[in-house]
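Below are the chains, spelled out letter by letter.
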There are 2 protein chains.
Amino acid sequence: MLKNRSFVLPLSKMPNKWINILYTLPEALTPLVDPATSQPLPVEALLPLFAKSLIEQEINTKDEFIDIPEEVQKVYSLYRPTPLIRATFLEEALQTPAKIYYKYEGVSPSGSHKANTSIPQAYYNKKEGITKLATETGAGQWGSALSFACNQFGLECLIFMVRASFEQKPYRKIMMQTYGGKVIPSPSDKTKIGKTLLEDKLNYNGSLGIAISEAVEMAMENNDTHYTLGSVLNHVLLHQTIIGEESKIALEEVGDYPDIVIACCGGGSNFGGIVIPFLKDNIVKGKKTQFIAVEPTACPTLTKGKYAWDFGDTGKLIPPALMYTLGHSFMPSPVHAGGLRYHGESPLVSYFYNKKMIDAVALQQIEVFEKAVLFAKTESIIPAPESSHAIATAINEALKCKETGEKKTILFNLSGHGHFDMAAYESYFGGTLENYDHPEEKIEEALKHLPQINFGCGND
Amino acid sequence: MLKNRSFVLPLSKMPNKWINILYTLPEALTPLVDPATSQPLPVEALLPLFAKSLIEQEINTKDEFIDIPEEVQKVYSLYRPTPLIRATFLEEALQTPAKIYYKYEGVSPSGSHKANTSIPQAYYNKKEGITKLATETGAGQWGSALSFACNQFGLECLIFMVRASFEQKPYRKIMMQTYGGKVIPSPSDKTKIGKTLLEDKLNYNGSLGIAISEAVEMAMENNDTHYTLGSVLNHVLLHQTIIGEESKIALEEVGDYPDIVIACCGGGSNFGGIVIPFLKDNIVKGKKTQFIAVEPTACPTLTKGKYAWDFGDTGKLIPPALMYTLGHSFMPSPVHAGGLRYHGESPLVSYFYNKKMIDAVALQQIEVFEKAVLFAKTESIIPAPESSHAIATAINEALKCKETGEKKTILFNLSGHGHFDMAAYESYFGGTLENYDHPEEKIEEALKHLPQINFGCGND
């Protein structure tokens with residue numbers, strides 16, 4: 001008898017509400033603050049940047065659930081519900097008594113979970129009369145998700161892409177163009193800050209910090225334009241809860257519930273997305289599920305960072321939040337092949353970690369690629385390097401079960417496929433990938449430059 | 001109310017038999033012949049190349065169905081049943097009264113329908129004691145499907161890849177390596193023919209013909225090694241019938257049946273795969289479904305070729321078959337961006353066409369890419385350039401319905417995604433793609449070199 005591996009909910013069972021965990025937490029999250037005054041940033045300060053509905057979601061503590069607008073559900077239906085897959089081939093290869101499930105978000109148009117938030121972000125902005133969204137992108141993951149979503153709602157999409165990636169990694173750029181997005185190598189002459197920076201040739205290749213600044217300026221200077229972020233913020237994690245919600249319903253249908261939920265963690269959105277619905281059960285129903293956030297040793301925000309007030313970006317444009325951080329000037333070593341390069345961590349995930357509601361581990365990249373290849377050879381999907389951090393940890397947990405004989409149920413988020421990341425696999429096969437020790441001194445140096453904030457538990 | 005768009009059969013409804021159309025046809029297909037004698041090639045001549053079970057399937061006229069071995073079904077379950085999708089977003093954009101469905105084969109590990117046959121080919125060879133499979137690949141579509149399948153059955157996989165592609169399109173090569181395949185730039189020093197050819201520097205970049213010769217030699221010279229083909233042959237089309245079978249069951253579940261079935265057509269395997277189950281209904285049940293094979297104007301095998309005996313490859317290694325052909329020396333213009341470059345056509349599809357059981361059209365590539373982009377912008381999937389020929393024809397048929405008011409049900413095969421073909425989209429957006437007129441003179445010239453075969457309706 002063939003074992004059923006793939007569980008796809010019918011569209012009628014797709015959740016029509018996101019889970020607002022801010023409602024459930026025993027205390028309010030600390031707000032973004034004004035670095036000049038250390039006082040909470042007034043909502044008005046964010047209005048030139050973000051849709052009003054998104055700002056309301058960002059600080060909403062009164063609604064347990066937020067309705068997913070029907071227009072958003074309709075575009076979700078292009079790829080959702082996504083499959084929950086029982087990793088029978090991997091289990092067989094590992095000879096583990098554990099049950100391994102993964103939620104596969106790589107079926108989205110842009111190939112990752114990012115579309116779950118780009119769609120509602122485009123929708124709310126459109127509804128509020130905005131005609132253009134500006135954003136930054138590094139390798140292009142977020143840019144392609146936003147480009148796809150803007151096209152669906154008839155918005156223009158302006159993507160400032162770090163010039164080094166624009167020139168060296170053209171394929172994601174072409175994907176963005178296919179969806180109608182306008183991709184601009186950054187720094188550009190489209191913004192004042194870009195023009196100024198271009199005067200120094202050293203800036204020519206760009207950086208994520210510069211691209212953020214250009215996109216933010218574009219939104220500040222144009223009434224018809226807003227800025228968008230693909231991770232970190234509360235409303236982004238809110239939209240991503242559909243991952244965990246669907247996983248929970250599908251697992252219920254097969255009579256299962258996870259003992260461990262695992263996701264990679266950069267800005268925290270795919271982690272928050274799969275974890276929050278189960279973490280809510282821990283809080284409300286006294287469940288004892290373990291949650292593991294997995295980060296690269298090259299950028300060990302949770303495992304080696306400090307819980308402190310820090311800017312959201314290198315350029316100090318995004319106001320300070322209380323979060324785990326390696327310091328806004330921290331840059332991961334170029335030997336690190338994948339994403340998960342953010343110096344900070346979503347304030348929400350940071351709160352979970354600080355309250356010991358979740359665990360975190362950091363992995364070396366060679367182990368991550370070894371296990372990504374094992375996964376590809378068994379389960380057949382070539383995973384994104386980022387998602388492979390979750391795979392590696394799921395394998396490690398399953399191997400522990402093999403030692404102890406425990407029959408745990410392990411769930412992880414396969415947040416994306418690796419079709420646009422084959423160059424990283426090439427480095428791995430070519431033997432040019434290196435492991436990277438915890439960059440203690442670099443972190444120590446970067447942490448010296450945290451802003452002085454005197455709000456709540458201010459930085460020392 | 002959200003409209004359900006995606007119909008994925010439960011695993012329990014995945015077909016467990018392939019449809020052997022040779023059983024149903026009113027007459028036996030003409031065999032491969034020995035070019036020296038014009039006599040049918042004895043089965044023994046193929047044994048050094050192919051598994052016995054596959055040769056039996058190639059000529060089987062006595063069984064209406066062939067059981068899909070359980071081991072093959074198990075590996076199929078990694079990605080099958082594939083979704084049948086109602087193109088609601090495209091329909092809305094076209095404002096057509098037609099219903100458009102597509103079967104999406106791009107969810108397979110290697111991203112196309114090719115895995116449907118690589119899996120059974122690997123299985124039967126393994127079962128017969130073969131330890132290594134050799135094949136050729138151009139851009140890498142077939143090579144990655146075979147590499148994936150060999151890995152699942154513990155076979156070595158040796159892929160001779162045209163050197164120009166090996167060097168210029170590294171990503172598919174890395175995909176093959178990820179699945180454990182050994183990719184060798186061709187011509188190589190691993191074979192006698194490769195060594196000889198390498199002596200002339202002009203051959204350095206290779207060609208599909210050379211790569212075929214190397215793979216065939218590898219199989220002829222080594223008892224543990226067989227050769228495999230990814231299209232054209234009857235047993236390949238047999239394995240692909242699962243596409244049409246699943247489509248038919250899924251359509252039945254929603255109470256629909258196609259008026260038109262469309263697929264792109266190169267060697268003919270994805271076309272045969274989706275068409276055969278419905279074409280059998282035309283023969284047996286008197287249904288009147290129309291079938292449209294779509295080819296590029298750059299390689300118009302059915303629409304401009306001759307029904308004649310010809311070699312299967314440029315190097316005259318694959319014995320002559322009766323088929324539509326542009327002549328084995330025909331090479332499509334380099335301005336043509338996608339696949340579908342084969343000079344010949346599957347003998348089975350050729351038979352259908354010759355008997356007027358199917359129609360064929362040829363499309364210019366700029367129209368194909370225009371409609372591929374419309375499809376990506378509406379349905380969200382970036383399609384392979386090959387599959388986009390089917391998309392364009394489906395759109396054209398839907399637009400005809402808009403004119404006439406007919407509510408036809410159109411089904412097409414979306415045989416693969418375009419994640420590894422973004423360079424072709426780049427050419428399109430960059431304006432460097434050109435249309436290409438029917439290459440009449442080139443065809444005339446190539447048709448002068450058909451072999452002289454005096455079997456049945458021999459070549460003139």
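Within each chain, residues carry numbers counting from 1 in the order of the written sequence. The order in which chains are written sets their letters, starting at A; the order in which ligands are written sets their numbers, starting at 1. Where local features are concerned, this predicted model is filtered to residues with pLDDT of at least 70; where side-chain atom pairs are given and counted, the filter is 80 or more; whole-chain, interface and lining totals use all residues. The basis for the side-chain values is all heavy atoms of the structure; hydrogens and waters are excluded.

Q: Please give an account of the overall build of chain A that cites residues and values.
A: Strands here are runs of E lasting at least two residues and helices are runs of H or I lasting at least four, both read from the DSSP assignment and numbered beginning at the N terminus. A tally of regular secondary structure across chain A gives 19 helices and 15 strands. Taken over the C-alpha trace, chain A has a radius of gyration of 21 Å; the compact-globule value for 460 residues is 23 Å, and the two agree within 12%. C-alpha extents for chain A along the principal axes are approximately 65 × 50 × 50 Å. Burial classification: accessible surface area is computed with a 1.4 Å probe over protein chains only, and a residue below 20% of its type maximum counts as buried, one above 50% as exposed, and the rest as partly exposed. A burial count over chain A gives 62% of its 460 residues as buried. Considering only contacts within chain A whose residues lie at least 6 apart along the sequence, 76% involve residues at least 24 apart. Working note: accessible area of chain A is about 16800 Å², and carbon and sulfur atoms make up 51% of it. For the purpose of counting charges, residues Lys and Arg are taken to be positive, whereas Asp and Glu are taken to be negative. His and the chain ends are not included. The atom standing in for a charge is NZ when the residue is Lys, CZ when it is Arg, CG when it is Asp and CD when it is Glu. Counting 43 positive and 52 negative side-chain charges, chain A places the averaged centre of each group 4 Å from the other. In this treatment the radius of gyration is a C-alpha quantity, and the globule benchmark scales as 2.2 Å times the residue count to the 0.38 power. Contacts are assigned to residue pairs with any non-hydrogen atoms lying within 4.5 Å of each other. Surface exposure here means Shrake-Rupley accessible area, sampled with a 1.4 Å probe, where a residue is shielded only by the protein chains that are shown.

Q: Quick rundown of the sheet that holds strand β14 (residues 359–363) of chain A? Include the residues and the values.
A: All names here are of chain A. What the seven strands build is an open sheet, ordered β1-β4-β5-β15-β10-β11-β14; its pairing is mixed. Sheet topology places β1 (6–7) and β14 at the edges, where each strand pairs with a single neighbour. Here strand β5 (residues 99–104) runs beside strand β15 (residues 409–414); their pairing, made up of six bridges, is parallel. Note that in β15 the partner of Tyr-104 across the bridge is Leu-414. Sitting on the sheet, helix α13 (residues 269–285) touches β5, β10 (260–264), β11 (290–296) and β15, and the angle it makes with β10 is about 160°. For helices, the fitted line uses only the C-alpha atoms of the stretch in contact; every axis is such a line through C-alpha atoms, and the angle between N-to-C directions lies from 0 to 180 degrees. In this fold helix α16 (residues 365–379) packs onto β4 (84–86), β5, β14 and β15, with an angle of close to 95° to the strand it touches most, β14. Pairs of strands are assigned from DSSP output, requiring at least two bridges between the strands.

Q: Pulling in residues and values, what's your account of the sheet that holds strand β8 (residues 182–186) of chain B?
A: Residue and element names in this part refer to chain B. Reading across the sheet, the four strands line up as β8-β7-β6-β9 and stay open at both edges, with parallel pairing between neighbours. Since the sheet does not close on itself, it has two edges, and those belong to β8 and β9 (225–227), each with one partner. The sheet shows a mean angle of 25° between the axes of neighbouring strands, direction not considered. As defined by bridge partners, strand β6 (residues 132–137) adjoins strand β7 (residues 156–162) across six bridges and the pair is classed as parallel.

Q: Report on a nonpolar patch on the surface, specifying residues and quantitative values.
A: Note that patches include only residues with greater than 30% relative accessible area and no salt bridge, and the join distances are 9 Å for like charges and 5 Å for nonpolar side chains (Val, Leu, Ile, Met, Phe, Trp, Tyr). Salt-bridge detection follows one rule: a side-chain nitrogen of Lys or Arg within 4 Å of a carboxyl oxygen of Asp or Glu. A grouping of Val-43, Leu-47 and Ile-59 of chain A is seen on the molecular surface, where their side chains present a nonpolar patch of about 230 Å² in accessible area. Relative to the elements of secondary structure, Val-43 of chain A occurs in helix α2 (residues 43–46).

Q: Any chance you could break down the side chain of Gln-121 of chain A for me, citing the residues and the numbers?
A: Residues and elements named next belong to chain A. Inspection of the secondary structure assignment puts Gln-121 in helix α6 (residues 115–127). Here Thr-117 takes part through its side chain, which lies 2.9 Å from a polar atom of the side chain of Gln-121. If we skip the residues at most four places from it in the chain, Gln-121 touches Leu-54, Leu-133, Trp-142, Thr-228, Leu-229, His-235, Val-236 and His-239. By the criterion applied in these results, polar contacts are pairs of N or O atoms within 3.5 Å in which, for protein atoms, one can donate a hydrogen and the other can accept it, and in which residues neighboring in sequence qualify only through two side-chain atoms.

Q: So what about the interface of chain A and chain B? Which residues, and what values?
A: Taken together, the contact between chain A and chain B spans 43 residues of the former and 43 residues of the latter. Together, the buried faces of chain A and chain B total about 3900 Å²; carbon and sulfur atoms form 65% of this surface. Remark: the boundary between chain A and chain B carries two salt bridges. Note that Glu-92 of chain A and Lys-74 of chain B form a salt bridge whose closest N and O atoms lie 3.1 Å from each other. Seen at the junction of chain A and chain B, the total is eleven residue pairs in polar contact (both at pLDDT 80 or more). For the side of chain A that touches chain B, the secondary structure elements donating two or more residues are α4 (70–76), α5 (88–94), α7 (141–153), α9 (170–178), α16 and α18 (422–429) of chain A. When residues in the side of chain A that touches chain B are grouped by element, the largest group, seven residues, is from α9 of chain A. Each residue is assigned to one of three groups, with Ala, Val, Leu, Ile, Met, Phe, Trp, Tyr, Cys and Pro labelled nonpolar, Asp, Glu, Lys and Arg labelled charged, and all others, Gly among them, labelled polar. Residue classes in the side of chain A that touches chain B are distributed as 22 nonpolar, twelve polar and nine charged. A quick way to say it: buried area is the sum, across both parts, of accessible area lost when two parts are put together, with a 1.4 Å probe.

Q: Which residues make up the domain arrangement of chain A, and what are the values?
A: Size of an interface, as often reported, equals the accessible area lost when the parts are brought together. All names here are of chain A. Domain start and stop positions are those given by an automatic or database domain assignment. Partitioning chain A into domains gives domain 1 (52–63 + 114–227) and domain 2 (76–111 + 233–447). Just the C-alpha atoms count here: the centres of domain 1 and domain 2 sit 24 Å apart. Between domain 1 and domain 2, the contact holds 24 residues from the first and 23 residues from the second. Of the roughly 2000 Å² buried between domain 1 and domain 2, counting both surfaces, carbon and sulfur atoms make up 57%. When the buried area of domain 1 at its contact with domain 2 is split by residue, Glu-58, Asn-116 and Arg-172 rank highest and sum to 30% of it. Counting every contact that joins domain 1 to domain 2 gives zero salt bridges. Where domain 1 touches domain 2, the interface holds eleven residue pairs in polar contact (both at pLDDT 80 or more). Of all the secondary-structure elements, those providing two or more residues to the side of domain 1 that touches domain 2 are α3 (52–59), α6, α7, α9 and α11 (208–221). Top element by residues in the side of domain 1 that touches domain 2 is α6. It accounts for seven residues. Residue composition of the side of domain 1 that touches domain 2, by class: twelve nonpolar, nine polar and three charged.

Q: Outline the relation of the copies chain A and chain B, supporting the account with residue identities and numerical values.
A: C-alpha atoms of residues with pLDDT of at least 70 in both copies form the basis for the least-squares superposition of the copies. After a rotation of 180° and a shift along the axis of 0.0 Å, chain A superposes on chain B with an RMSD of 0.0 Å. The operation mapping one copy onto its partner corresponds to a two-fold rotation axis. When each C-alpha of chain A is compared by its distance to the rotation axis, His-419 of chain A comes out closest, at 3.2 Å. Comparing contact sets, 100% of the residues at the interface of chain A also lie at the interface in chain B, consistent with an isologous, same-surface contact.

Q: Go over the packing of α18 of chain A against helix α9 (residues 170–178) of chain B with me, naming the residues and quoting the values.
A: Running from amino to carboxyl end, α18 of chain A crosses α9 of chain B at an angle of 55°, the nearest separation of the two axes being 9 Å. When the interaxial angle is binned, α18 of chain A and α9 of chain B end up oblique. α18 of chain A and α9 of chain B meet at a crossing whose hand is left-handed. In this structure, α18 of chain A contributes Met-422, Ala-423, Tyr-425, Glu-426 and Phe-429 of chain A to the contact, and α9 of chain B contributes Pro-170, Tyr-171, Lys-173, Ile-174, Met-175, Gln-177 and Thr-178 of chain B. In terms of residue class, the contact of α18 of chain A with α9 of chain B is made up of eight nonpolar, two polar and two charged. Small angles under 35 degrees read as roughly parallel and large ones over 145 as roughly antiparallel, with 65 to 115 read as roughly perpendicular and the rest as oblique. Crossings are classed by handedness, with left-handed meaning an anticlockwise turn of the near helix from the far one by less than a right angle and right-handed meaning a clockwise turn.

Q: Provide a residue-level description of the environment of Ile-262 of chain A, including the pertinent values.
A: Residue position: Ile-262 of chain A is located in strand β10. In this structure the C-alpha to C-alpha distance between Ile-262 of chain A and Leu-414 of chain A, which are 152 residues apart in sequence, comes to 9.5 Å.

Q: Before we move on, can you summarise the pattern of salt bridges with the specific residues and values?
A: Residues and elements named next belong to chain A. Under the counting rule described, the total for this entry stands at 40 salt bridges over all chains. Glu-64 is the partner of Lys-280 in a salt bridge, and the nearest nitrogen-oxygen pair spans 2.7 Å. Highlighted residues: Lys-280 in helix α13 and Glu-64 in the loop between α3 and β3 (65–67), separated in sequence by 216 residues. With relative accessibility at 8%, the residue Lys-280 sits in the buried group. Here the residues in one salt-bridge network are Arg-80, Lys-103, Glu-105 and Glu-246, joined through shared partners.

Q: Could you give an account of empty space enclosed by the protein, naming the residues involved and the relevant values?
A: Whether a set of points on the 1 Å grid over the protein atoms alone is a cavity depends on a 1.4 Å probe fitting there but being unable to get out, while an open set qualifies as a pocket with protein on both sides within 12 Å along at least five of seven lines; lining residues are those with an atom within 4 Å of a point. Grid points are joined across faces, edges and corners, and a volume is the space filled by probe spheres set on the points. Going through the model one piece at a time under the given rule, you end up with five cavities of 30 Å³ or more. Empty space within the largest cavity amounts to approximately 70 Å³. Leu-32, Val-232, Leu-233, Gly-312, Ile-318, Pro-319, Ala-321, Met-323, Tyr-342 and Pro-347 of chain B together form the lining of the largest cavity. Of the residues in the lining of the largest cavity, the class split is nine nonpolar, one polar and no charged. Roughly 60 Å³ of internal volume is contained in the second largest cavity. At the level of elements, α1 (21–24) and α12 (234–253) of chain A are the ones that each hand at least two residues to the lining of the second largest cavity. It is α12 of chain A that provides the largest number of residues to the lining of the second largest cavity, a total of four residues.

Q: Before we move on, can you summarise the environment of Glu-434 of chain A with the specific residues and values?
A: Residue and element names in this part refer to chain A. For Glu-434, the location among the structural elements is in the loop between α18 and α19 (440–447). Sequence separation between Glu-434 and Cys-264 is 170 residues; the distance between their C-alpha atoms is 20 Å. Sequence-distant contacts of Glu-434, defined by excluding residues within four places in its chain, comprise Val-335, Gln-365 and Ile-366.

Q: So, helix α13 (residues 269–285) of chain B: which residues are in play, and what are the values?
A: Residues and elements named next belong to chain B. An expected span of 1.5 Å times one less than the residue number is assigned to each helix. Taking 1.5 Å of rise per residue, the 17 residues of α13 would be expected to cover 24 Å, and the 24 Å separating its terminal C-alpha atoms lies within 8% of that figure. Each residue is assigned a bend, namely the angle between axes fitted to the seven residues that terminate at it and the seven residues that start at it. The sharpest bend along α13 measures roughly 45° and falls at Ile-276, with the proline Pro-277 sitting one to four residues further on. Counting buried positions along α13 gives 14 out of 17 residues, so the element sits mostly inside the fold.

Q: Lay out the environment of Glu-217 of chain A in plain terms, naming residues and giving numbers.
A: Residues and elements named next belong to chain A. Following the sequence through the fold, Glu-217 ends up in helix α11. According to the relative accessible area criterion, Glu-217 is buried, its value standing at 15%. For the pair formed by Glu-217 and Lys-190, sequence separation is 27 residues and the distance between their alpha carbons is 9.8 Å. With residues up to four places along the chain from it excluded, the contact list for Glu-217 reads Thr-191, Lys-192 and Ile-193. A polar side-chain atom of Glu-217 sits 2.6 Å from the main-chain amide nitrogen of Lys-192.

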